[in-house]
Amino acid sequence: MSSFEQEIDKRRTFAIISHPDAGKTTLTEKLLLFGGAIHVAGAVKSNKIRKTATSDWMEIERQRGISVATSVMGFQYGDYKINILDTPGHEDFAEDTFRTLTAVDSVIIVIDSAKGVEKQTRRLMEVCRMRHTPVIVFINKLDREGRDAFELLDEVEEELGIHVCPMSWPIGMGERFQGVYNLFSQELCLFKSDKQHVSDDIHSIKDISTPEVEGYIGKASADQLRNELELVQGVYPEFSSEEYLSGLLAPVFFGSALNNFGIRELLDCFVRIAPSPQPTEAEERIVEPREEPFSGFVFKIHANMDPNHRSCIAFVKVCSGRFERNKYYRHIRLDKQFRFSSPTAFMAQKKEIVDDAYAGDIVGLPDTGNFKIGDTLTEGESLHFRGLPSFSPELFQYIENADPMKQKQLIKGVDQLMGEGVAQLFINQFNGRRIIGTVGQLQFEVIKYRLLHEYGAECRWEPIHLYKACWIESSDAAVLANFKKRKAQYMAYDREGRDVFLADSGYVLQMAQQDFPEIKFHFTSEF
Ligand code: G4P
């Protein structure tokens with residue numbers, strides 16, 4: 001294998017996802033601790049925009065700044081180069097998370113052992129399933145009283161629609177938590193609470209029936225463990241790399257992120273089984289990571305905190321080859337050549353200018369408005385990467401200009417914010433009014449605030465009652481024309497000028513689907 005191929009092979013790019021409060025931030029931090037990227041716990045001030053309800057905008061702004069730093073965390077672990085992509089915890093930013101998932105090769109899902117599978121986890125898992133992303137499940141907070149392990153696994157299988165394969169097994173929980181038996185490495189790992197350091201108390205036990213086990217955890221626990229493991233072996237399939245890599249089987253680990261317990265096992269297994277950079281689907285063809293010419297796409301744009309400099313960082317996932325500083329690349333949508341003198345990457349918590357990056361890596365490109373989410377960069381070939389769908393928003397409002405002198409600024413601001421993926425813009429075909437659709441109330445505040453502070457434009461929201469936006473298409477042009485005529489007041493264009501039907505109730509949508517069977521109604525922009 002050439003050194004170029006080795007570089008790519010050793011990369012592991014993934015995201016940690018969870019329902020807020022399950023322990024994503026804590027786990028991220030502990031992984032960095034193991035990777036030597038930080039030295040004390042508490043160094044990662046999460047990007048949590050979560051405990052804030054809706055109106056504490058300054059707090060959000062402050063956290064937004066922090067989240068630039070934690071957007072991508074790269075570190076070296078043994079022979080591996082690990083890239084963790086951070087995802088916002090607040091569900092109003094779910095769309096952001098969906099897009100981040102398009103840039104990773106695998107995912108770790110954190111579940112709170114007392115709460116089991118929660119709403120946000122289910123939604124995120126749907127995206128993983130759509131993309132066949134391999135997932136590992138980490139059941140957290142074993143140091144607290146939680147639910148029975150078998151019951152949790154059943155729930156994961158049912159609610160997340162994936163088979164599970166326990167890689168470790170808990171011994172007690174809460175006050176009685178003694179540790180886990182690692183089925184993958186056949187080791188007994190005894191629990192010691194230590195929030196700051198990594199403490200290992202690990203014993204190789206190939207045969208669980210050996211009396212040695214009693215010595216460590218007592219007779220009652222040893223008996224229970226043996227019984228449970230017997231059941232585990234009878235009920236769950238053996239680990240199959242193939243099934244895991246196709247997104248059909250999720251290995252499960254148990255531990256306590258806060259106490260540094262079970263993290264090393266998770267990480268050691270992760271680097272071994274998790275996929276190296278995977279092929280990316282472009283409209284034209286499948287792009288292999290080991291192809292030499294560089295290609296990549298923008299999956300996230302981060303606006304500058306300083307309103308006087310309207311610069312952003314565009315986060316580019318390198319899909320193939322090697323990205324080099326100061327080399328000219330083609331921006332496909334604009335059909336223009338760009339070169340970047342200060343691409344950045346985050347290594348070991350430090351943002352630094354990098355000379356190159358390989359497939360699997362993320363580079364941050366300083367930008368002054370040239371990039372939009374989904375833009376592709378290549379060495380020349382015309383490629384358009386797919387897989388960045390917009391989902392039908394759930395909340396809608398008319399956006400009106402509140403300062404007639406600033407119409408231009410408003411249009412520009414809205415255009416750029418939509419390009420960043422903050423929300424979606426629809427233009428009513430009947431009256432030309434602009435409608436903003438979001439997944440959470442918070443975005444309306446974000447937009448208003450940022451329009452004022454970054455573009456000097458003032459907007460006003462006016463209510464509109466809508467249920468869903470769906471992209472419509474039909475092979476029968478006459479039917480489509482008829483539908484558009486009948487629903488003229490409810491037809492809009494999206495940013496790309498595509499037809500979108502704005503249904504004002506579930507009933508109306510159902511009737512439309514019934515009356516026009518020749519028309520396809522899509523709930524994501526990519527179909
Ligand atoms: P999130 O990013 O998924 O939203 O979760 P986060 O890591 O912030 O964890 C949420 C809460 O759960 C935090 O407590 C954290 O300390 C706690 N936690 C995480 N892992 C464990 C664990 O293994 N055991 C126990 N007992 N608690 C855990 P908090 O009080 O909300 O915040 P903090 O004041 O501790 O930061």
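On a predicted model such as this, the values are computed, not experimentally measured, just so you know. (Residues numbered from 1 in each chain as written. Predicted model: local features only at pLDDT ≥ 70, side-chain atom pairs only at ≥ 80, totals over all residues. Heavy atoms only, no water.)

Peer 1: Before we go on, may I ask you to explain the sheet that holds strand 31 (residues 520–522) in this structure?
Peer 2: Neighbouring strands of a sheet are bound in pairs by backbone hydrogen bonds; such pairs are parallel or else antiparallel. Taken in spatial order, the eight strands line up as 27-24-26-25-29-30-28-31 in an open sheet, and their pairing is antiparallel. Each edge of the open sheet is held by one strand with a lone partner, namely strand 27 (459–463) and strand 31. Pairs of neighbouring strands in the sheet enclose a mean axial angle of 40 degrees, with direction left out of account. Judged from the two bridges that link them, strand 25 (residues 424–428) and strand 29 (residues 491–493) form a sheet pairing that is antiparallel. Looking at strand 29, one finds that Asn428 is bridged to Ala492. Lying on the sheet, helix 11 (residues 407–419) is in contact with strand 24 (395–401), strand 25, strand 26 (434–438) and strand 27; it crosses strand 26 at an angle near 30 degrees. (Pairing = 2+ DSSP bridges. Helix = DSSP H or I, 4+ residues; strand = E, 2+ residues; numbered from the N terminus. Axes fitted to C-alpha atoms, helices over the stretch in contact; angles between N-to-C directions. Contact = heavy atoms within 4.5 Å.)

Peer 1: Explanation requested: the packing of aromatic side chains in the structure shown.
Peer 2: How two aromatic rings sit relative to each other is given by the distance of their centres and the angle of their planes. Scanning the entire structure with this criterion turns up 24 aromatic pairs. Geometrically, the ring pair formed by Phe396 and Phe426 is tilted, given 6.4 Å between the ring centres and 45 degrees between the ring planes. Here Phe426 lies in strand 25 and Phe396 lies in strand 24, a separation of 30 residues in the sequence. For the pair shown, Phe396 and Phe426 are each scored as buried. A connected cluster of aromatic rings, assembled from ring pairs, spans Phe294, Phe323, Tyr329, Phe338, Phe340 and Phe371. Positioned over the ring face of Tyr398 is Arg433, at 3.6 Å from the centre of the ring. When the ring centre of Tyr467 is taken as reference, the NZ or CZ atom of Lys468 above it lies at 5.0 Å. (Phe/Tyr/Trp six-rings, centres within 6.5 Å; stacked < 30°, edge-to-face > 60°. Buried < 20%, exposed > 50% of the residue type's maximum accessible area, 1.4 Å probe, protein only. Lys NZ or Arg CZ within 6 Å of the ring centre and 35° of its normal.)

Peer 1: Could you clarify how one ought to interpret the pattern of salt bridges in this entry?
Peer 2: Side chains that carry opposite charge are capable of pairing whenever their charged atoms lie near each other. Summed over the entire model, instances satisfying the criterion amount to 35 salt bridges. Its salt-bridge partner being Arg11, residue Asp361 comes within 2.8 Å of it at the nearest N-O pair. Of this pair, Asp361 sits in the loop between strand 21 (356–358) and strand 22 (362–367) while Arg11 sits in strand 1 (residues 11–18), and the two are 350 residues apart along the sequence. Looking at Asp361, the relative accessible area reads 4%, which means it is buried. Note on Arg11: relative accessible area 6%, which makes it buried. We note a salt bridge from Glu214 to Arg226, for which the minimum N-O separation is 2.8 Å. Note that Glu214 is positioned in helix 7 (residues 212–217) and Arg226 in helix 8 (residues 219–235), a separation of twelve residues in sequence. We classify Glu214 as partly exposed; its relative accessible area is 23%. Several salt bridges share partner residues, and in doing so they unite Glu7, Lys10, Arg11, Lys81 and Asp361 into one network. (Salt bridge = Lys/Arg side-chain N within 4 Å of Asp/Glu carboxyl O.)

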